[in-house]
Amino acid sequence: MAVPWELLISTAGAVTATIVGVVAGGVAGRHSENRKWLQETQTSAYERFLQAFGAVEMELREAFLERRRPAVAWGPFNAAIQSLSLVANPEAAAAALQLCDVIEDFSILFTGAAPG
């Protein structure tokens, strides 16, 4: 019995093409999912940072206008900046750190010491 080589080669080619297609699709899908996860995580970190920054800035501004010592909750602000630093691109992280420096300088006006 003769082996039909044409049939065997075409079947092997079809199986190989299917396996390559599945692997390539899996890699592309995983890359897309990773990019989506990172974008959602970055957006969430930016949002938390901006909310915490807004709360700190508002309290410092109100305390300044009312000529009182500020009562800032530094925990959420520090947690937000740490979270942002884990996922932010270098430009966003640098901008956030500049905002932190401004907040620190402004806070020192009230207390004479860096915020804690």
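Up top is the structure these notes are about.
Residues numbered from 1 in each chain as written. Predicted model: local features only at pLDDT ≥ 70, side-chain atom pairs only at ≥ 80, totals over all residues. Heavy atoms only, no water.

J.: Mind showing me how you'd approach the pattern of salt bridges here?
T.: Opposite charge on two side chains lets them pair, provided their charged atoms get close. Applying the stated criterion to the full structure yields 3 salt bridges. With a shortest N-O distance of 2.4 Å, Glu57 and Arg61 are connected by a salt bridge. Residue Glu57 and its partner Arg61 are both found in helix H1 (residues 5-66); the two are separated by 4 residues, about one turn of the helix. Since its relative accessible area comes to 25%, Glu57 is described here as partly exposed. (Salt bridge = Lys/Arg side-chain N within 4 Å of Asp/Glu carboxyl O. Helix = DSSP H or I, 4+ residues; strand = E, 2+ residues; numbered from the N terminus. Buried < 20%, exposed > 50% of the residue type's maximum accessible area, 1.4 Å probe, protein only.)

J.: Is there a simple way to explain the side chain of Gln42 in this structure?
T.: By the element assignment, Gln42 lies in helix H1. Apart from the residues lying within four places of it in its own chain, the contact partners of Gln42 are Val87, Ala88 and Asn89. (Contact = heavy atoms within 4.5 Å.)

J.: Just checking my understanding: could you explain the environment of Ser44 for this structure?
T.: Summarising the element assignment, Ser44 is placed in helix H1. You can call Ser44 partly exposed: its relative accessible area is 30%. Sequence separation between Ser44 and Val87 is 43 residues, and the spatial gap between their C-alpha atoms is 9.9 Å. Polar contacts involving the side chain of Ser44 include one to the side chain of Arg48, which spans 2.6 Å. (Polar contact = N/O pair within 3.5 Å; in protein donor to acceptor, adjacent residues only side chain to side chain.)

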